[in-house]
Amino acid sequence: MSQPIIYLDNNATTCVAPEVFQAMAPFLQQEYANPSSVYPFAGAPAAALEKARGQVASLLGATPGEIVFTSCGSESDNAALRSAIKTQAGRRNLVTTCVEHPAILNTCRDLAEYAGIHVDYLSVDSHGRLDLDEARALITEETAMVSVMFANNETGNIYPIRELARLAHQRGALFHTDAVQAIGKVPIDLSKELTEVDFLSLSGHKFHAPKGVGVLYRRSFAPFAPYLTGGHQEHMLRAGTENVASIVGLGEAARLAQEHIQEENTRVKALRDRLQEGLLATCPDAMVNGDLEHRLPNTLNICFKYIEGESILLRLWDRARVCASSGSACTTGSLEPSHVLRAMGLDYKALHGTVRLSLSRYTTDQDIDTVLEVMPPIIRNLRDLSPFGREG
Ligand code: PLP
């Protein structure tokens, strides 16, 4: 029997939950009608779309009319930013952070280059924390939109979204948050605490729905110009025949996320904490990156000084079929240190030896035991081979 995979890369993507797969299956087979068609055969897909809309709305404390289905988190981020530039006439500034996902950073870059938009980037301290005073100074009457991620994909840091949204509104700017990493891991209630969030992005594949489906939450009456124009789908807010099966899967994943949010913040968090404490106790010169007080319950970003994160990953796979990441999934494959850790000003000896381990509700005690067993000899061995290891 082949050795099972220990999957600790849930911030890169997640497995599709069995319930999600089951819910989707009929819409890939017998219920294939276009939900916009008028005959009764289209009734089931049309009703399924609305059920999924309700499930996502319920998870977020939103109303179904505020949920727009998209193709991914990146599309939702693009839609929010590009819309703000169109609807906030005369305002030529965007404010975001230097630790956003490339879906935001490269869209801002594009808007700067091709639309002449001025972008301000909030900096972070060595723990990856933002400074609200800097935000207060940078958000002005010129700002069309403030976009700050709910939680960081690499460190798991959670940002003060309520305060930032209030600052944006005080200056007449719209507020968007990329909540792709936060969903299902921490509660998000747009009807109570987060009433000043105008737009929010989600992606199905980060919470046990399939890849290639996402959500843009748009608060009722928030000014919006569609990014994808064409047909009348999604109440004219996003053209394109709906990806019914995946949307159904995303709806079911939202229902499951609501059901498991407590477990995420207790059992999963306890596993992450045990992993963190075990590694710090057994591996010298290790350090946790991020804000330990405001962090996703599933994420551990840890650096082992003097060695390469990629070498650690290769050996983790060889020894125990462990999947993890040495930074953002999107930068794996290139040896460029992560922009997030660089923004935090990490020493280069630490920068290169960083590993991100991200858990899910499918992570077991046994998974954590195995990593705690194999990691210390891997680190020792790599340090023995490293010229920096000998120096250190
Ligand atoms: N935003 C964040 C914070 C992410 O982590 C990711 C994916 O890694 C995205 C956006 C992009 O989502 P998608 O892969 O659905 O385009």
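How each quantity is defined
- Residues numbered from 1 in each chain as written.
- Predicted model: local features only at pLDDT ≥ 70, side-chain atom pairs only at ≥ 80, totals over all residues.
- Heavy atoms only, no water.
- Pairing = 2+ DSSP bridges.
- Helix = DSSP H or I, 4+ residues; strand = E, 2+ residues; numbered from the N terminus.
- Axes fitted to C-alpha atoms, helices over the stretch in contact; angles between N-to-C directions.
- Contact = heavy atoms within 4.5 Å.
- Phe/Tyr/Trp six-rings, centres within 6.5 Å; stacked < 30°, edge-to-face > 60°.
- Buried < 20%, exposed > 50% of the residue type's maximum accessible area, 1.4 Å probe, protein only.
- Near = heavy atom within 4 Å.
- Polar contact = N/O pair within 3.5 Å; in protein donor to acceptor, adjacent residues only side chain to side chain.
- Areas by Shrake-Rupley, 256 points an atom, 1.4 Å probe, with all protein chains shown as cover.
- Expected span 1.5 Å × (residues − 1).

Chemist: Would you mind going over the sheet that holds strand E12 (residues 354–358) in detail, with residue names and values included?
Modeler: Pairing is antiparallel in the open sheet, where three strands are placed in the order E9-E10-E12. Edge positions in the open sheet fall to strand E9 (286–288) and E12, since each of these has one partner strand only. Looking at each pair of strands side by side, their axes are set apart by 25° on average, direction ignored. Strand direction decides the pairing type here: strand E10 (residues 299–304) and E12, joined by five bridges, are antiparallel. Looking across to E12, one finds that Asn301 is bridged to Arg356. Sheet strands touched by helix H8 (residues 244–282): E9, E10 and E12. Its angle to E10, the strand with the most contacts, is close to 10°.

Chemist: Could you give me a rundown of the environment of Gly230, with the residues and numbers involved?
Modeler: Looking at the secondary structure, you find Gly230 in the loop between strand E8 (214–218) and helix H7 (233–236). As for Gly230 and Gly240, which are separated by 10 residues in sequence, their C-alpha atoms are 6.9 Å apart.

Chemist: Go over the packing of aromatic side chains, please, and point to the residues and values.
Modeler: Given two aromatic rings, one states the distance between the centres and the angle between the planes to describe the pair. One pass over the structure, following the stated rule, counts two aromatic pairs. Considering the side-chain rings of Tyr32 and Phe41, the 5.2 Å spacing of their centres and the 80° angle between planes classify their relative orientation as edge-to-face. Measuring from ring centre to ring centre gives 5.9 Å for Phe199 and Phe224, while their planes differ by 40°; the resulting arrangement is tilted. Taken as a pair, Phe199 in strand E7 (residues 199–203) and Phe224 in the loop between E8 and H7 lie far apart in primary sequence, 25 residues in all. Look at Phe199 and you get buried, because its relative accessible area is 0%.

Chemist: Explain the site of the ligand residue by residue, including any values.
Modeler: Surrounding the ligand, one finds 13 residues, the nearest of these being Ser74, Asp178, Gln181, Ser203 and Lys206. The separation between an oxygen atom of the ligand and a polar side-chain atom of Ser203 is 2.6 Å. One nitrogen or oxygen atom from the side chain of Lys206 is found 2.6 Å from an oxygen atom belonging to the ligand. Coverage of the ligand by the protein amounts to 90% of the 390 Å² it exposes when considered alone. Broken down by element, the shell around the ligand gets its largest block of residues, three residues, from helix H3 (residues 73–87).

Chemist: So, unusual backbone geometry: which residues are in play, and what are the values?
Modeler: It is generally the case that most residues other than glycine have a negative phi and that most peptide bonds are trans. A positive phi is found at Asp285, a non-glycine position, where the angle reads about 55°. Locating Asp285 in the fold gives a position in the loop between H8 and E9. The exposure class assigned to Asp285 is partly exposed, which follows from its relative accessible area of 38%. Not every positive phi belongs to a glycine, and Arg321 is a case in point at roughly 50°.

Chemist: Let's hear about helix H4 (residues 102–115): which residues, and what values?
Modeler: Helix length check: H4, at 14 residues, gives a terminal C-alpha distance of 18 Å against a target of 20 Å (1.5 Å per residue), a fit within 8%. Burial in H4 covers these residues: Ala103, Ile104, Leu105, Thr107, Cys108 and Leu111. Looking at the packing, one finds that the buried side of H4 touches H3, strand E3 (93–97), strand E4 (118–122), strand E5 (143–147), strand E6 (174–178) and helix H10 (339–343). Looking at the residues trailing H4, positive phi occurs at Gly116, about 70°.

Structural measurements only, silent on function.
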